[in-house]
Amino acid sequence: MTDSERVLVAYGSKYGSTAEIARVIGDALRVAGLSVDVRAAGKVGSLDAYRAVVLGSAVYAGRWRRDALRLLRRPELGQLEVWLFSSGPVGEEKGDHAEVDRWTRPPKVSHLAEEIGAHEHVGFGGMVAEDAGFMRKRMARGMAPELRDLRDWPRIEAWARSIAAALGAESSTAS
Ligand SMILES: Cc1cc2nc3c(=O)[nH]c(=O)nc-3n(C[C@H](O)[C@H](O)[C@H](O)COP(=O)(O)O)c2cc1C
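Residues numbered from 1 in each chain as written. Predicted model: local features only at pLDDT ≥ 70, side-chain atom pairs only at ≥ 80, totals over all residues. Heavy atoms only, no water.

## Some words on the overall build of the protein
Each helix and strand in the protein was counted, giving 6 helices and 6 strands. Moving toward the C terminus, one meets the helices and strands of the protein in the order β-α-β-β-β-α-β-α-α-β-α-α. Taken across its 175 residues, the protein has 43% of its residues classed as buried. Counted over contacts in the protein with a minimum sequence separation of 6, partners at least 24 positions apart contribute 75%. A total accessible area of about 9,300 Å² is found for the protein, and carbon and sulfur atoms account for 48% of it. Side-chain charges in the protein split into 25 positive and 24 negative, and the spacing between the mean points of these groups amounts to 8 Å. (Helix = DSSP H or I, 4+ residues; strand = E, 2+ residues; numbered from the N terminus. Buried < 20%, exposed > 50% of the residue type's maximum accessible area, 1.4 Å probe, protein only. Contact = heavy atoms within 4.5 Å. Areas by Shrake-Rupley, 256 points an atom, 1.4 Å probe, with all protein chains shown as cover. Lys, Arg positive; Asp, Glu negative; His and termini not counted. Charge placed at Lys NZ, Arg CZ, Asp CG, Glu CD.)

Printed below as a string of C-alpha coordinates:
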(Lines give C-alpha, C1' and ligand atoms only; values in the text may rest on other atoms or scores of the structure.)
Protein backbone atom coordinates (compact mmCIF):
# COMPACT_ATOMS: atom_id res chain seq x y z
CA MET A 1 0.00 0.00 0.00
CA THR A 2 1.43 3.39 -0.95
CA ASP A 3 1.15 6.42 1.31
CA SER A 4 -1.65 7.92 -0.74
CA GLU A 5 -3.76 4.92 0.21
CA ARG A 6 -3.94 5.74 3.90
CA VAL A 7 -7.28 6.30 5.59
CA LEU A 8 -7.81 9.13 8.05
CA VAL A 9 -10.35 8.72 10.84
CA ALA A 10 -10.93 12.16 12.37
CA TYR A 11 -13.28 13.24 15.11
CA GLY A 12 -14.73 16.19 17.00
CA SER A 13 -15.28 15.26 20.63
CA LYS A 14 -15.71 17.27 23.81
CA TYR A 15 -15.68 14.54 26.46
CA GLY A 16 -14.08 11.64 24.60
CA SER A 17 -16.95 9.31 23.74
CA THR A 18 -16.83 10.20 20.04
CA ALA A 19 -13.05 9.82 20.11
CA GLU A 20 -13.65 6.25 21.33
CA ILE A 21 -15.99 5.58 18.40
CA ALA A 22 -13.27 6.87 16.05
CA ARG A 23 -10.69 4.56 17.65
CA VAL A 24 -12.98 1.53 17.25
CA ILE A 25 -13.56 2.44 13.58
CA GLY A 26 -9.80 2.86 13.11
CA ASP A 27 -9.12 -0.56 14.68
CA ALA A 28 -11.73 -2.26 12.47
CA LEU A 29 -10.22 -0.67 9.34
CA ARG A 30 -6.74 -1.86 10.39
CA VAL A 31 -8.02 -5.38 10.99
CA ALA A 32 -9.33 -5.24 7.43
CA GLY A 33 -5.80 -4.48 6.24
CA LEU A 34 -5.87 -0.72 5.75
CA SER A 35 -3.26 1.81 6.95
CA VAL A 36 -5.07 4.18 9.26
CA ASP A 37 -4.44 7.35 11.26
CA VAL A 38 -6.93 8.35 13.96
CA ARG A 39 -6.74 12.06 14.84
CA ALA A 40 -8.70 14.80 16.56
CA ALA A 41 -10.16 16.98 13.78
CA GLY A 42 -8.31 20.02 15.09
CA LYS A 43 -4.97 18.21 14.81
CA VAL A 44 -5.27 17.21 11.16
CA GLY A 45 -2.67 18.81 8.89
CA SER A 46 -2.11 17.95 5.25
CA LEU A 47 -4.52 15.51 3.65
CA ASP A 48 -2.08 14.61 0.87
CA ALA A 49 -1.34 11.17 2.29
CA TYR A 50 -4.96 10.07 2.30
CA ARG A 51 -7.24 8.33 -0.09
CA ALA A 52 -10.25 8.31 2.22
CA VAL A 53 -11.51 10.18 5.28
CA VAL A 54 -13.95 8.97 7.91
CA LEU A 55 -15.02 12.05 9.83
CA GLY A 56 -17.35 12.17 12.80
CA SER A 57 -18.46 14.53 15.49
CA ALA A 58 -20.41 14.64 18.69
CA VAL A 59 -23.59 16.70 18.29
CA TYR A 60 -24.26 19.51 20.75
CA ALA A 61 -27.47 21.55 20.45
CA GLY A 62 -28.01 20.18 16.96
CA ARG A 63 -24.52 21.08 15.73
CA TRP A 64 -21.22 19.41 15.04
CA ARG A 65 -18.14 20.44 17.01
CA ARG A 66 -16.39 23.36 15.34
CA ASP A 67 -13.10 21.56 14.59
CA ALA A 68 -14.95 18.74 12.79
CA LEU A 69 -17.08 21.16 10.78
CA ARG A 70 -13.97 23.09 9.79
CA LEU A 71 -12.35 19.91 8.52
CA LEU A 72 -15.53 18.96 6.64
CA ARG A 73 -15.36 22.32 4.85
CA ARG A 74 -11.82 21.82 3.59
CA PRO A 75 -11.94 21.78 -0.23
CA GLU A 76 -9.56 18.79 -0.43
CA LEU A 77 -12.34 16.55 0.89
CA GLY A 78 -14.10 16.91 -2.45
CA GLN A 79 -11.22 14.91 -4.01
CA LEU A 80 -11.30 12.09 -1.44
CA GLU A 81 -13.62 9.25 -0.53
CA VAL A 82 -15.52 10.47 2.52
CA TRP A 83 -17.78 8.84 5.12
CA LEU A 84 -19.39 10.83 7.95
CA PHE A 85 -20.91 9.98 11.28
CA SER A 86 -22.69 11.99 13.94
CA SER A 87 -22.85 10.76 17.49
CA GLY A 88 -25.21 12.07 20.12
CA PRO A 89 -28.54 10.66 21.12
CA VAL A 90 -28.84 9.27 24.62
CA GLY A 91 -31.90 8.37 26.73
CA GLU A 92 -35.40 7.61 25.44
CA GLU A 93 -36.22 8.64 21.87
CA LYS A 94 -38.79 11.43 22.15
CA GLY A 95 -40.91 13.06 19.44
CA ASP A 96 -41.33 11.99 15.84
CA HIS A 97 -38.47 10.43 13.94
CA ALA A 98 -37.87 13.34 11.53
CA GLU A 99 -37.57 15.79 14.41
CA VAL A 100 -35.19 13.52 16.35
CA ASP A 101 -33.12 13.01 13.21
CA ARG A 102 -32.70 16.77 12.79
CA TRP A 103 -31.22 17.04 16.29
CA THR A 104 -29.00 14.01 16.03
CA ARG A 105 -27.78 14.12 12.42
CA PRO A 106 -27.41 17.83 11.62
CA PRO A 107 -29.02 18.76 8.25
CA LYS A 108 -26.14 21.20 7.60
CA VAL A 109 -23.71 18.27 7.73
CA SER A 110 -25.91 16.16 5.44
CA HIS A 111 -26.03 19.10 3.03
CA LEU A 112 -22.23 19.50 3.01
CA ALA A 113 -21.94 15.71 2.65
CA GLU A 114 -24.00 15.89 -0.52
CA GLU A 115 -21.95 18.80 -1.85
CA ILE A 116 -18.68 16.90 -1.56
CA GLY A 117 -20.18 13.60 -2.72
CA ALA A 118 -19.66 11.80 0.60
CA HIS A 119 -20.79 8.19 0.62
CA GLU A 120 -22.92 8.43 3.78
CA HIS A 121 -23.76 10.42 6.87
CA VAL A 122 -24.82 7.97 9.57
CA GLY A 123 -26.01 8.62 13.12
CA PHE A 124 -24.73 6.67 16.11
CA GLY A 125 -25.96 6.81 19.70
CA GLY A 126 -23.87 8.81 22.13
CA MET A 127 -22.79 8.69 25.74
CA VAL A 128 -23.36 11.01 28.64
CA ALA A 129 -21.68 10.60 32.01
CA GLU A 130 -22.11 12.72 35.10
CA ASP A 131 -18.42 13.47 35.50
CA ALA A 132 -18.21 17.02 34.15
CA GLY A 133 -20.27 20.01 33.11
CA PHE A 134 -23.53 21.29 34.59
CA MET A 135 -25.74 20.28 31.62
CA ARG A 136 -24.09 16.91 31.34
CA LYS A 137 -24.61 16.12 35.01
CA ARG A 138 -28.25 17.21 34.79
CA MET A 139 -28.84 15.14 31.67
CA ALA A 140 -27.20 12.00 33.07
CA ARG A 141 -28.97 12.16 36.41
CA GLY A 142 -32.42 12.25 34.82
CA MET A 143 -31.67 9.16 32.76
CA ALA A 144 -31.76 5.43 33.43
CA PRO A 145 -28.12 4.23 33.65
CA GLU A 146 -28.52 1.80 30.73
CA LEU A 147 -29.64 4.67 28.47
CA ARG A 148 -26.58 6.83 29.19
CA ASP A 149 -24.39 4.98 26.72
CA LEU A 150 -26.15 4.14 23.45
CA ARG A 151 -23.03 3.52 21.42
CA ASP A 152 -23.79 0.31 19.51
CA TRP A 153 -20.33 -1.21 19.05
CA PRO A 154 -21.33 -4.11 16.74
CA ARG A 155 -23.17 -1.62 14.49
CA ILE A 156 -20.18 0.77 14.52
CA GLU A 157 -17.75 -2.06 13.68
CA ALA A 158 -20.05 -3.35 10.92
CA TRP A 159 -20.15 0.15 9.43
CA ALA A 160 -16.35 0.34 9.51
CA ARG A 161 -16.14 -3.06 7.77
CA SER A 162 -18.52 -1.82 5.06
CA ILE A 163 -16.14 1.11 4.50
CA ALA A 164 -13.19 -1.26 4.27
CA ALA A 165 -15.11 -3.35 1.74
CA ALA A 166 -15.95 -0.25 -0.32
CA LEU A 167 -12.25 0.63 -0.31
CA GLY A 168 -11.42 -2.85 -1.53
CA ALA A 169 -9.52 -3.89 1.59
CA GLU A 170 -8.24 -7.44 1.36
CA SER A 171 -9.81 -8.85 4.53
CA SER A 172 -12.81 -6.57 4.91
CA THR A 173 -14.99 -9.49 5.92
CA ALA A 174 -12.78 -10.21 8.97
CA SER A 175 -14.63 -9.67 12.22
C1 LIG B 1 -25.40 20.25 26.64
C2 LIG B 1 -25.54 19.05 25.75
C3 LIG B 1 -26.20 19.18 24.53
C4 LIG B 1 -26.37 18.08 23.69
N5 LIG B 1 -27.03 18.23 22.50
C6 LIG B 1 -27.23 17.13 21.70
C7 LIG B 1 -27.95 17.26 20.46
O8 LIG B 1 -28.40 18.32 20.06
N9 LIG B 1 -28.12 16.14 19.73
C10 LIG B 1 -27.64 14.92 20.12
O11 LIG B 1 -27.84 13.94 19.40
N12 LIG B 1 -26.93 14.78 21.27
C13 LIG B 1 -26.72 15.85 22.07
N14 LIG B 1 -26.02 15.72 23.24
C15 LIG B 1 -25.43 14.42 23.59
C16 LIG B 1 -23.96 14.36 23.19
O17 LIG B 1 -23.83 14.55 21.81
C18 LIG B 1 -23.39 12.99 23.59
O19 LIG B 1 -23.24 13.01 24.99
C20 LIG B 1 -22.08 12.68 22.88
O21 LIG B 1 -21.84 11.29 22.97
C22 LIG B 1 -20.92 13.47 23.46
O23 LIG B 1 -19.76 13.17 22.76
P24 LIG B 1 -18.30 13.51 23.31
O25 LIG B 1 -18.11 12.72 24.59
O26 LIG B 1 -17.41 13.03 22.22
O27 LIG B 1 -18.22 14.97 23.53
C28 LIG B 1 -25.84 16.82 24.09
C29 LIG B 1 -25.16 16.71 25.31
C30 LIG B 1 -25.01 17.80 26.15
C31 LIG B 1 -24.28 17.63 27.44
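Having put the structure on the table, let's press on.
## Description of the site of the ligand
The full set close to the ligand counts 21 residues, and Ser13, Ser17, Val59, Tyr60 and Trp103 are the nearest of them. One of the side-chain nitrogen or oxygen atoms of Thr18 is found 2.7 Å away from an oxygen atom of the ligand. Within the backbone of Gly62, a nitrogen or oxygen atom sits 2.7 Å from an oxygen atom of the ligand. Contact with the protein chains covers 88% of the free accessible surface of the ligand, which is 640 Å². Here the shell around the ligand is built from residues that sort into 10 nonpolar, 9 polar and 2 charged. (Near = heavy atom within 4 Å. Polar contact = N/O pair within 3.5 Å; in protein donor to acceptor, adjacent residues only side chain to side chain. Nonpolar A, V, L, I, M, F, W, Y, C, P; charged D, E, K, R; others polar.)

## Digging into the side chain of Asp37
Inspection of the secondary structure assignment puts Asp37 in strand β2 (residues 36-40). Owing to a relative accessible area of 13%, Asp37 belongs among the buried residues under this scheme. A polar contact is formed between the side chain of Asp37 and the side chain of Arg6, at a distance of 2.8 Å. Once residues lying within four places of it in the same chain are set aside, the contact partners of Asp37 are Arg6, Val7, Leu8, Val9 and Tyr50.

## Section: the pairing of strand β1 (residues 6-12)
Taken across its 7 residues, β1 has 6 buried, putting it largely inside the fold. Bridge analysis of β1 against strand β3 (residues 50-60) gives 7 bridges, and the strand direction is parallel. Residue Arg6 lies in a different strand from β3, and its bridge partner there is Tyr50. Bridging between β1 and β2 involves 5 bridges; their strand directions are parallel. Bridged to Tyr11 within β2 is Ala40. (Pairing = 2+ DSSP bridges.)

## Topic: the environment of Ala169
Relative to the helices and strands, Ala169 resides in the segment after α6 (153-166). When near neighbours in sequence (up to four residues on either side) are disregarded, Ala169 contacts Ala32, Leu34 and Ala164.

## A closer look at helix α4 (residues 107-116)
Taken residue by residue, α4 has Val109, Leu112, Ala113 and Ile116 as its buried positions. Burial along α4 is one-sided: seen end-on, the buried residues are contained in an arc of 105°. Pointing more than 90 degrees away from the buried face of α4 are the exposed residues Glu114 and Glu115. Lining the buried residues of α4 we find β4 (63-64), α2 (66-72), β5 (81-87) and β6 (120-124). Once α4 ends, the next one or two residues include Gly117, with phi positive near 70°. (Arc of directions from axis to C-beta.)

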